[in-house]
Amino acid sequence: MNEQTSLFSEAESLIGDAEQAAVDLDFHLAERTMRRAGEIDPYLSNLQSYLRIFRYLKSERKRNPGTPDFITAVWHGLPKSVAAHALTAAESRIIEGYLDRIAEKNLASKSPFVDRGKTLARACLFIHRLPERAHRELLDLVCGRYAGRSDLWAYYGDACRVLNRTAEADAAYCRALLNDPLAVDLFRIRSEGLRRLFARLLQDHSGQEAAALLFIHGWLEGLLPCPKKADAADYAIPRKIPENRVGELLQFASCLALDQTGKSKKNHVEARQRMMEIDPDLFRLYLARV
């Protein structure tokens, strides 16, 4: 091995040491080790990216010294950090890989949630590395006391996607988006079609409106099924139309689902009338699809 090859090898070894330091929650050491790798190999292509990651984690750790709070804060904060260009999407995925390993090493609790507020299920951290485990644990949650949580249904759909259980995934996404699309983690959603559609909707709508439209346009474009007929009772028509646009769109989506789940017998006249009242143009798109 010549001297140059030896130096490059040492730099690569230091990258591994820096990543291990990050998993050990020593972000000062991770940053110092990475700088040393950069001194050995000044042309290290990912040097600045790793330094940005370790500085980000060091800052979050300072704000959240408790490990469960730290993991939860980073997980929930990554979408905003990417949107603000503080991190790239690729860097956020690297960080999520660290969070998985940090949780495995440092969390002793057997709770299915990372934080006491139960905002982050541990299974979400496993979706990429241990999808079978994530699928099993998320299924237990949504089939139990957390059946009403759209975020968990969508994460369950993500685990199904990784496992190529497409029909199961789409049914889970459908349930999540009809129940509360504003709670769905659209930053991480594993459906490429829904992710592209959401990006298109964001060009003409606010984030909340785009989320509220996602089931409607997802169904119109054949990306999503409708709920089973047995679930039709979950989508009763409220007496009044909401006074805000997001509420209107959520009600339109529920009426669409109600009309579709009852279509084997007859059209749901009241649901169609309400869709027409809410948005005639969108209703015409619906009629063209049916």
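For the structure itself, consult the block above.
These numbers come from a predicted model, not from an experiment.

About the criteria used
Residues numbered from 1 in each chain as written. Predicted model: local features only at pLDDT ≥ 70, side-chain atom pairs only at ≥ 80, totals over all residues. Heavy atoms only, no water. Helix = DSSP H or I, 4+ residues; strand = E, 2+ residues; numbered from the N terminus. Expected span 1.5 Å × (residues − 1). Bend = angle between axes of the 7 residues up to and from the residue. Buried < 20%, exposed > 50% of the residue type's maximum accessible area, 1.4 Å probe, protein only. Contact = heavy atoms within 4.5 Å. Phe/Tyr/Trp six-rings, centres within 6.5 Å; stacked < 30°, edge-to-face > 60°. Lys NZ or Arg CZ within 6 Å of the ring centre and 35° of its normal.

Caption draft 1: Highlighting unusual backbone geometry. The backbone phi angle of Leu 25 is positive, close to 70°, even though this residue is not glycine. If you check the backbone angles, His 85 has positive phi at about 65° while not being a glycine. Within the secondary structure, His 85 sits in the loop between helix H4 (67-83) and helix H5 (89-106).

Caption draft 2: The arrangement of helix H11 (residues 207-220) in detail. Here H11 spans 20 Å end to end across 14 residues, near enough to the 20 Å set by a 1.5 Å rise per residue. Along H11, the helix axis deviates most sharply at Leu 214, where the bend reaches about 40°. Among the 14 residues of H11, eleven are classified as buried, and the element is accordingly described as predominantly covered. Here H11 has its buried residues at Ala 210, Ala 211, Ala 212, Leu 213, Leu 214, Phe 215, Ile 216, His 217, Gly 218, Trp 219 and Leu 220. Among the structural elements, helix H9 (166-179), helix H10 (192-202), helix H12 (245-261) and helix H14 (280-289) are those in contact with the buried residues of H11. Gly 222 occupies a position one or two residues after H11 and carries a positive phi of about 75°.

Caption draft 3: Examining the packing of aromatic side chains more closely. One pass over the structure, following the stated rule, counts eight aromatic pairs. Between Phe 113 and Tyr 146, the ring centres sit 5.0 Å apart and the planes meet at 70°, which makes this aromatic pair edge-to-face. Of this pair, Phe 113 sits in the loop between H5 and helix H6 (122-126) while Tyr 146 sits in the loop between helix H7 (131-142) and helix H8 (150-162), and the two are 33 residues apart along the sequence. Residue Phe 113 is classed as buried on the basis of its relative accessible area, which comes to 4%. Take Tyr 146: its relative accessible area is 13%, and that puts it in the buried class. Members of the aromatic cluster, each reached through a chain of ring pairs, are Tyr 50, Phe 54 and Tyr 98. One residue, Arg 289, lies across the ring of Trp 219, its end atom 4.5 Å from the ring centre.

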